[in-house]
Amino acid sequence: LTALITGIADSRGVTSESKGLLYHSPTWMPFLDYLLCPLLHGGCCLFYPDTSTIKPAELIKFAHVHHASCLGSVPAVLGILLETGLPKSMKQIGVGGALVPEDLCLRTVEQVKGCIMTTGYSGTEQGDVTQAQMRSDVDVLNFANGKGGMTAGRPHTGQRIVILDRGQQLLSLGAVGEVTISGPGLASGYLALPQQSAEYFVPCKEMGGARSARTGDLGRWDTSGNLEIVGRLGSMVKVRGARVDLGEVETAVVSHPVVTACACSVHNDKLVAVDERVQVRDDV
């Protein structure tokens, strides 16, 4: 926990002047970010009084009144808050929990000048592992995935990542494999699950034998050195007798220039990939 909080606070430039807006559930990692990170450096936490019925207009009013400087949000909520207007006191905005649109990042850095916007990759085993920091439209474009969304950025504050094949061998640039992580804050294992702990928390020869965690996430490095998460392991299905990895299919579909995200599944013994823009109708 100490490594997680200090890493986040240091990488995001939290200071004694920081005021973290806290309206998150304790079950979601940003609860720690906006409670403990400011306090660590002598800042303060602005605890929103009623988190059971949050209305964006009231939340942003609260942020304006108390001059909030740090905000964490999912993309959909951030889009609503931008329409209302973020306070000029905002210095750091974190966004994640879903696909982060490139357009949303461009709108944010344009509206709040001098603000550090971040997105990244995190997991239960390690906390925040990578980060994309954006202060301008140039930064946004540097971290964009070319399909309308954002990559997860690069490792920060001592975090380490390798992309491995099924034989735990290092993969080349652009190849899809399992994301394996190590560094400060790595968990000791899964509580009361020794078999799963032994399977997923292992020494990694590609990181000099360091203890690491196999995340089960599929990812790859792009040509700029940014991490892209493209799916999950264990998504193997059988379609008309053939074994198919749904993550690989999703990766192939998303590689098409007009597709920003998709979900793949099996329906009536057919492989189906659905673009995020498709609207589901009750009569279909």
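Each remark here, short or long, concerns the structure printed above.
Residues numbered from 1 in each chain as written. Predicted model: local features only at pLDDT ≥ 70, side-chain atom pairs only at ≥ 80, totals over all residues. Heavy atoms only, no water.

(A) Region of the structure containing the overall build of the protein. Of the regular secondary structure elements, the protein holds eight helices and 18 strands. Its C-alpha atoms give the protein a radius of gyration of 20 Å, within 12% of the compact-globule value 19 Å for 284 residues. On the principal axes, the C-alpha backbone points of the protein span a range of 60 × 50 × 40 Å. Per-residue burial for the protein yields a buried fraction of 46% across its 284 residues. For the protein, the share of sequence-separated contacts (at least 6 apart) that also reach a separation of at least 24 residues comes to 54%. Within the structure as shown, the protein displays about 14500 Å² of accessible surface, and the carbon and sulfur contribution to it stands at 56%. Here the protein contributes 24 positively and 28 negatively charged side chains, and the mean placements of these two sets differ by 1 Å. (Helix = DSSP H or I, 4+ residues; strand = E, 2+ residues; numbered from the N terminus. Rg over C-alpha atoms; globule rule 2.2 N^0.38 Å. Buried < 20%, exposed > 50% of the residue type's maximum accessible area, 1.4 Å probe, protein only. Contact = heavy atoms within 4.5 Å. Areas by Shrake-Rupley, 256 points an atom, 1.4 Å probe, with all protein chains shown as cover. Lys, Arg positive; Asp, Glu negative; His and termini not counted. Charge placed at Lys NZ, Arg CZ, Asp CG, Glu CD.)

(B) Region of interest: the side chain of Q126. Here Q126 shows up in the loop between β6 (122-123) and β7 (127-128). Within the structure, the side chain of Q126 is placed 3.2 Å from the backbone oxygen of S182, a separation counted as a polar contact. For Q126, the side chain forms a polar contact with the main-chain oxygen of P184, separated by 3.3 Å. Setting aside its immediate chain neighbours within four residues, Q126 contacts L4, Q159, I181, S182, G183, P184, G185 and L186. (Polar contact = N/O pair within 3.5 Å; in protein donor to acceptor, adjacent residues only side chain to side chain.)

(C) Representation of the packing of helix α1 (residues 2-11) against helix α2 (residues 30-40) within the structure. Two numbers describe how α1 lies on α2: the axes approach to 9 Å, and their chain directions differ by 75°. In this view, α1 runs roughly perpendicular relative to α2, as classed from their interaxial angle. Listed contacts from α2 to L4, I5, T6, I8 and A9 of α1 are L32, D33, L36, C37 and L40. In terms of residue class, the contact of α1 with α2 is made up of eight nonpolar, one polar and one charged. (Axes fitted to C-alpha atoms, helices over the stretch in contact; angles between N-to-C directions. Parallel < 35°, antiparallel > 145°, perpendicular 65-115°, else oblique. Nonpolar A, V, L, I, M, F, W, Y, C, P; charged D, E, K, R; others polar.)

(D) Fine view of helix α4 (residues 75-84). Among the residues of α4, those classed as buried are P75, L78, G79, L81 and L82. One face of α4 carries all of its buried residues, which in axial projection span an arc of 165°. Facing away from the buried side of α4 by more than 90 degrees, the exposed set consists of A76 and E83. Those residues of α4 that are buried are in contact with α3 (56-65), β3 (70-73), β4 (92-95), α5 (102-111) and β5 (116-119). One or two positions beyond α4, positive phi appears at G85, with a value near 110°. (Arc of directions from axis to C-beta.)

(E) Expanded view of the pairing of strand β8 (residues 130-134). Where burial is concerned, most of β8 is hidden: five out of the five residues are buried. Here β5 runs beside β8; their pairing, made up of three bridges, is antiparallel. Bridge assignment links M117 to a residue of β8, and that residue is M134. (Pairing = 2+ DSSP bridges.)

All quantities given are derived from atomic positions and should not be read as evidence of function.
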